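# Structural characterization, general
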Amino acid sequence: MRMEPARGLRGGEAFAPVAALRQRESVAPLIAALRQHIARIEQSAGQFEAVKGRGLPWTCGLAEVDRHLPAQGLMRAGLHDVSPAAYGDQPAAMGFALALALRRLTDSQERRPLLWCRLAAQEREHGRLYGHGLEGLGLARPRFVTITLKKPQGLLWTMEEALKSGALAVVIGDADAAHADLTVTRRLALAAAAGKSAGLLVFAKADVAASASQTRWRAASIASLSPSHDAAAPGRPAWTIDLTRARGGRPGQWILEWHHAHSGFSLVPGLRGGAVHPWTDQAGPLRPAPGPALRAG
Amino acid sequence: MARSFGLMRGMRLADARAQVPDLLSEQHEPQEDMKSLLGLCRWMERYSPWVSPDAPDGIFLDVTGVPHLFGGEEKMLAGMQSRLAGYGFTARIGSGATIGAAWALARYDAKELKSLPVEALRIDGVAAQTLRRLGLKTVGALLAIPRASLARRFRGESIGENVLLRLDEMMGKRDEPLNPLNPPTSFMAHRALMEPVIHAEALETVLTGLVTQLSGLLETEARGALRLILKLFRTDGSRLNIPAGFSAATHDPRHMLRVLKPKLETVDAGFGIDAMTLEARETGSARVQQYGFMEDDSTLAIEQLNDRVLNRHEAELLSLEEVESHIPERAELSSPRMRGERKGTRRAKRDGGGEGRLVHMQSPVAPHLPVASATGPFFSPFAGGEDKKRRPLLIFEAPEPAKVIASVPDGPPMRLTWRRVTRRVVKSQGPERVAPEWWRLGEGSRPRDYYVIEDEQGRRYWLYREGLYGETGGDQPKWYVHGLSA
């Protein structure tokens, strides 16, 4: 409905743009209605509905990151993916998934517990969850439940049941690309919407199949900032986070640090070009920043 | 019947063959006979759960209150007879008000009890012969005799000699209980189908009806089921048992249905199922349907989820509980989220009498499920993270051996080789000395020095050195990777 430049119009038709202008005034509600219609078709209505007191939006707490997420943050009753960048980054991916889940649970109205479904093979490979370590990341024991299953299909079934039941706030599950395909993830997303719980899949390998999740993250470890009192000690958990896909948002990359005391992220000053690590001055395996997404400070 | 051919018990096979030339004979296998008798008993459970075998060739059934389900007593008995005939059994069925009467009427033809011969009293041969010699040939004649004289004359060790006892049992003056094969439960729902059913949807419909009926029974008695057994009777005489268990006594029909339905899907109906029984084998008092004011429905929902997953995959929801112990792998116990009253402290029964004590982080409001306070429910109480001992997110069940090179023998690691990959250590924190528990010195464990290290890629490991350098008489210290951090 752009106004065409008046070319070759005679005087009498100069009023046509004015008429078009009058029509434009009714455009904004029309566009809003169209957006809602599309949202309903895409069944991602949560993004465009106003938050009707259902709880605080699920954000990372950082403006730089939240700018890339859809308007209401991550979908509170939806499915999200985290995968490691390489084989050895699995603990980082799990830690980041837990950090995201804890962000979801900062809502004081949310009192349901968190369930982590583990695969027995994963437990043998990378270890089982340790309650003291979970506390160290900020999760209190009374609200943590875990279950270990032997088969991936059983795990996905359990995740679906747990999400549907609405008894849990967040359900994290170990997944692998072979079993968590588009159909299965779609079912999980629907189950999450039904039970108003959030689902988080932590993939075992870096290569991931198509998935119906709302946001897809990739995590990799990165050297941490030593605490001030001990220059040689490891500091807070820090990860290179890659938002590879966000429905209704834009992808981005950041280096984030997790503060368990207030369950929040902090952004590490970004890197450009030569990708020199700010703390250790080493040339590490970092990807160069694609521009405005990473900015210093 | 064999007697009509001139055959008697205890005859030799050759003599028998002489009497009846084309006699078929088979080996007598009493155990197999008993097995098939028991199998037949189980099949008869479709009529009533009070079934007891009467070796070697009889079955007792208590059909109190049952005949109306089958359209009356005669129809039921006729139906039984025809079905048994269909399986190849010739059966003589007798029904009476007491066990004795039923036994007698099954084996001896008589219009009424009085005209039964004395052998029908289940007494042994000697007593029966004595009675005949005395001129007492029928039960009616016995009834006319004064009881005291019978008691005096027929007294003995075994019940077969006690004529009066048997008479009283038959007449109902003395109670004789039936010992059923399976202890019957009072909470049972039963459906007999007019036609055998093969399809799963039809089975589900019947199951829904059964569950509704059973939950109604349980609710009126304020009981809940802890263990359920669903019995499916096939037309070929076999029976399927499907068990289900619950962590908390429940009489919620939807929950029972949700747990039983998936199990029904794997059922092989054979040629059809024509009767179903749902029994609550174990019941507990149903919990009071009132939640603490901080709780909400999610408590119940979690238990039901637990039941569903437990019944389907035999894995249950566990919570990680703290155990007071210095040794990291003993400092935690994963235990099922149980309902019911929890005791304040429990002795940990790990490693054959472990010494750890379980510390439950609970609030007194809801003893069976911890309730979070309104402020920051999910955050651990340790706000000053730097002070707390650092622990990894993931811990290995068995610490994995690793090769470590340190600049000085007692110093922090500089290079780590683990799972065939060598990494350079950039940061490390430690050592944290974990001494073996002195009350377990008998095991000969050595002290450990834990280090939290970070390699050049930022991956964090939690490893320890077991043993000290320069220990006299000990082996070289070994390094192990115990856990990984995020």
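Notes on the structure in this doc start here.

Cut-offs used in this document
- Residues numbered from 1 in each chain as written.
- Chains lettered and ligands numbered in written order.
- Predicted model: local features only at pLDDT ≥ 70, side-chain atom pairs only at ≥ 80, totals over all residues.
- Heavy atoms only, no water.
- Helix = DSSP H or I, 4+ residues; strand = E, 2+ residues; numbered from the N terminus.
- Buried < 20%, exposed > 50% of the residue type's maximum accessible area, 1.4 Å probe, protein only.
- Areas by Shrake-Rupley, 256 points an atom, 1.4 Å probe, with all protein chains shown as cover.
- Contact = heavy atoms within 4.5 Å.
- Phe/Tyr/Trp six-rings, centres within 6.5 Å; stacked < 30°, edge-to-face > 60°.
- Lys NZ or Arg CZ within 6 Å of the ring centre and 35° of its normal.
- Core = buried A, V, L, I, M, F, W, Y, C linked by side-chain atoms within 4.5 Å.
- Pairing = 2+ DSSP bridges.
- Axes fitted to C-alpha atoms, helices over the stretch in contact; angles between N-to-C directions.
- Polar contact = N/O pair within 3.5 Å; in protein donor to acceptor, adjacent residues only side chain to side chain.
- Salt bridge = Lys/Arg side-chain N within 4 Å of Asp/Glu carboxyl O.
- Parallel < 35°, antiparallel > 145°, perpendicular 65-115°, else oblique.
- Left-handed = near helix turned anticlockwise from the far one by under 90°.
- Nonpolar A, V, L, I, M, F, W, Y, C, P; charged D, E, K, R; others polar.
- Expected span 1.5 Å × (residues − 1).
- Buried area = accessible area lost by both parts, 1.4 Å probe.

## Focus on the overall build of chain A
Looking only at helices and strands, one finds 8 helices and 10 strands in chain A. Out of the 297 residues in chain A, the part that is buried amounts to 52%. Surface summary for chain A: the accessible area is close to 13100 Å², and the carbon and sulfur share equals 57%.

## Considering the environment of B:L37
All names here are of chain B. Summarising the element assignment, L37 is placed in helix α2 (residues 30-44). For L37, a relative accessible area of 8% gives the class buried. Here the alpha-carbon distance between L37 and P56, two residues 19 residues apart in the chain, equals 7.9 Å. L37 has contacts with P53, D54, A55, P56, D57, G58 and I59, leaving out every residue within four places of it along the chain.

## Some words on the packing of aromatic side chains
Inspection of the entire model under this criterion finds 14 aromatic pairs over all chains. A centroid spacing of 5.9 Å and a plane angle of 70° characterise the contact between A:F96 and A:W239, whose relative ring orientation is edge-to-face. Of this pair, A:F96 sits in helix α4 (residues 90-104) while A:W239 sits in strand β8 (residues 238-246), placing them 143 residues apart in sequence. With respect to burial, A:F96 and A:W239 carry one shared label: buried. Here a set of aromatic residues connected by ring pairs shows up, and it is made of A:F96, A:W217, A:W239, A:W254, A:W258 and A:F265. Its end group placed over the ring of B:Y47, B:R46 keeps NZ or CZ at 5.7 Å from the ring centre. The ring of A:W157 carries the charged tip of B:R312 above its face, separated from the ring centre by 4.7 Å.

## Some thoughts on the nonpolar core
In terms of nonpolar packing, the biggest core is built from 58 residues, with A:F96, A:L98, A:I172, A:W217 and B:L416 touching the most fellow members. When residues no more than four places from it in sequence are discounted, the contact partners of A:L98 are A:L114, A:W116, A:L134, A:L137, A:L139, A:I172 and B:L393. Of all hydrophobic cores here, the second largest spans 30 residues; its members include A:L119, A:L155, A:M159 and B:L305.

## Topic: the sheet that holds strand β4 (residues 223-234) of chain B
Residue and element names in this part refer to chain B. With respect to topology, 4 strands assemble into an open sheet ordered β3-β6-β4-β5, the strand pairing being antiparallel. Only two strands of the sheet have a single partner each, and these edge strands are β3 (188-197) and β5 (239-250). Each strand of the sheet is rotated relative to its neighbour by a mean of 15°, with strand direction disregarded. Running at roughly 160° to β3, helix α9 (residues 200-220) makes contact with β3, β4, β5 and β6 (273-285) of the sheet.

## A closer look at the side chain of B:K231
All names here are of chain B. By the element assignment, K231 lies in strand β4. Since its relative accessible area comes to 3%, K231 is described here as buried. Within polar-contact distance, the side chain of K231 engages the side chain of E279 at 2.7 Å. In contact with K231, other than residues within four places in its own chain, are E45, N182, R239, L240, N241, A275, M276, T277, E279 and R281.

## Digging into the pattern of salt bridges
All names here are of chain B. Counting across every chain of the model gives 38 salt bridges over all chains. For R83, the salt bridge is made with D274, and the minimal N-O distance between the two is 2.8 Å. Residue R83 is located in helix α3 (residues 73-86), and its partner D274 is located in strand β6; the two are separated by 191 residues in the primary sequence. Taking the relative accessible area as the measure of exposure, D274 reaches 6% and is therefore buried.

## Structural notes on the packing of α2(B) against α3(B)
Residue and element names in this part refer to chain B. Running from N to C, α2 and α3 point in directions that differ by 140°, and their axes come no closer than 13 Å. Comparing their axes, α3 and α2 come out oblique. As for the relative orientation of α2 and α3, their crossing is right-handed in sense. Each of L40, W43 and M44 in α2 lies in contact with α3, whose residues at this interface are M80, R83 and L84. Classifying every residue of the contact of α2 with α3 gives 5 nonpolar, no polar and 1 charged.

## So, unusual backbone geometry
For residues other than glycine, phi is negative in most cases, and the peptide bonds are mostly trans. All names here are of chain B. With an omega dihedral of -5°, the bond running from G430 to P431 counts as a cis peptide bond. As for its position among the elements, P431 is in strand β12 (residues 421-434). Even without a glycine there, the phi angle at R419 is positive, about 50°. By relative accessible area, R419 is classed as partly exposed at 31%.

## Focus on the environment of B:F271
All names here are of chain B. Structurally, the position occupied by F271 is in the loop between α10 (253-265) and β6. Between the alpha carbons of F271 and P196 there is a distance of 7.7 Å; along the sequence they are 75 residues apart. For F271, the residues in contact, after removing those within four places along its chain, are P196, I198 and T235.

## Focus: α4(A)
Its 15 residues give α4(A) an end-to-end C-alpha distance of 21 Å, which sits within 8% of 21 Å, the value for a rise of 1.5 Å per residue. By the criterion of burial, α4(A) is predominantly enclosed, with 15 of the 15 residues buried.

## Re the packing of helix α7 (residues 152-165) of chain A against helix α8 (residues 182-195) of chain A
Two quantities define a packed helix pair, namely the angle between the axes and the distance from one axis to the other. Residue and element names in this part refer to chain A. Two numbers describe how α7 lies on α8: the axes approach to 7 Å, and their chain directions differ by 25°. One element, α7, and the other, α8, form an angle in the roughly parallel class. Together, L156, M159, E160, L163 and K164 of α7 and V184, R187, L188, A191, A192 and G195 of α8 make up the contact between the two elements. Here the contact of α7 with α8 is composed, by residue class, of 7 nonpolar, 1 polar and 3 charged.

## Examining the interface of chain A and chain B
On the side of chain B, 62 residues touch chain A, which itself brings 73 residues to the contact. Together, the buried faces of chain A and chain B total about 5800 Å²; carbon and sulfur atoms form 59% of this surface. Where chain A meets chain B, there are 4 salt bridges. Going through the elements one at a time, α4, β2 (114-119), α5 (120-126), β3 (128-129), α6 (131-137), β4 (144-149), α7 and β8 of chain A are the ones with two or more residues in the side of chain A that touches chain B. Broken down by class, the residue content of the side of chain A that touches chain B amounts to 35 nonpolar, 24 polar and 14 charged. Direction of pairing for β3(A) relative to strand β10 (residues 394-406) of chain B: antiparallel, over a ladder of 2 bridges. Residue pairing for β10(B): A:R128 is matched across the bridge by B:I395.

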